[in-house]
Amino acid sequence: MTKTTFCGGKSVKLVAEELGGTDYISLNFYRLQSGTRLFPCEMSTRKVFDFVMTLRPDQDAA
């Protein structure tokens, strides 16, 4: 998984690849004055939402 932040954390790009498989997740997340926005990259919002809600980052990698 790779997380890249932009604009002082107001924009986040997340890309994750399945270990031992071919699946992946790619998304952009924005913190705007009008609220937060999630933009999946060429996949369903549900797939991205389910991934993010079950994500448990490796504490050693933080």
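Calculation notes
Residues numbered from 1 in each chain as written. Predicted model: local features only at pLDDT ≥ 70, side-chain atom pairs only at ≥ 80, totals over all residues. Heavy atoms only, no water. Pairing = 2+ DSSP bridges. Helix = DSSP H or I, 4+ residues; strand = E, 2+ residues; numbered from the N terminus. Axes fitted to C-alpha atoms, helices over the stretch in contact; angles between N-to-C directions. Contact = heavy atoms within 4.5 Å. Buried < 20%, exposed > 50% of the residue type's maximum accessible area, 1.4 Å probe, protein only.

Caption draft 1: Geometry of the sheet that holds strand β4 (residues 35-40). What the four strands build is an open sheet, ordered β1-β2-β3-β4; its pairing is antiparallel. Across the chains shown, the open sheet's two edge strands, defined by having one partner strand only, are β1 (2-6) and β4. On average, each strand axis in the sheet is tilted by 15° relative to the strand beside it, whichever way the strands run. Note that strand β3 (residues 24-32) and β4 share six bridges and pair antiparallel. Looking at β4, one finds that Leu 32 is bridged to Gly 35. Strand contacts of helix α1 (residues 45-54): β2 (11-17), β3 and β4, with the helix running at about 85° to β3, the strand carrying the most contacts.

Caption draft 2: Up close: unusual backbone geometry. The residue Cys 7 is not glycine, and still its phi comes out positive at about 50°. Mapping Cys 7 onto the fold places it in the loop between β1 and β2. Residue Cys 7 is classed as exposed on the basis of its relative accessible area, which comes to 62%. Of note, the phi angle at Glu 42 is positive, near 60°, even though the residue is not glycine. Here Glu 42 lies in the loop between β4 and α1.

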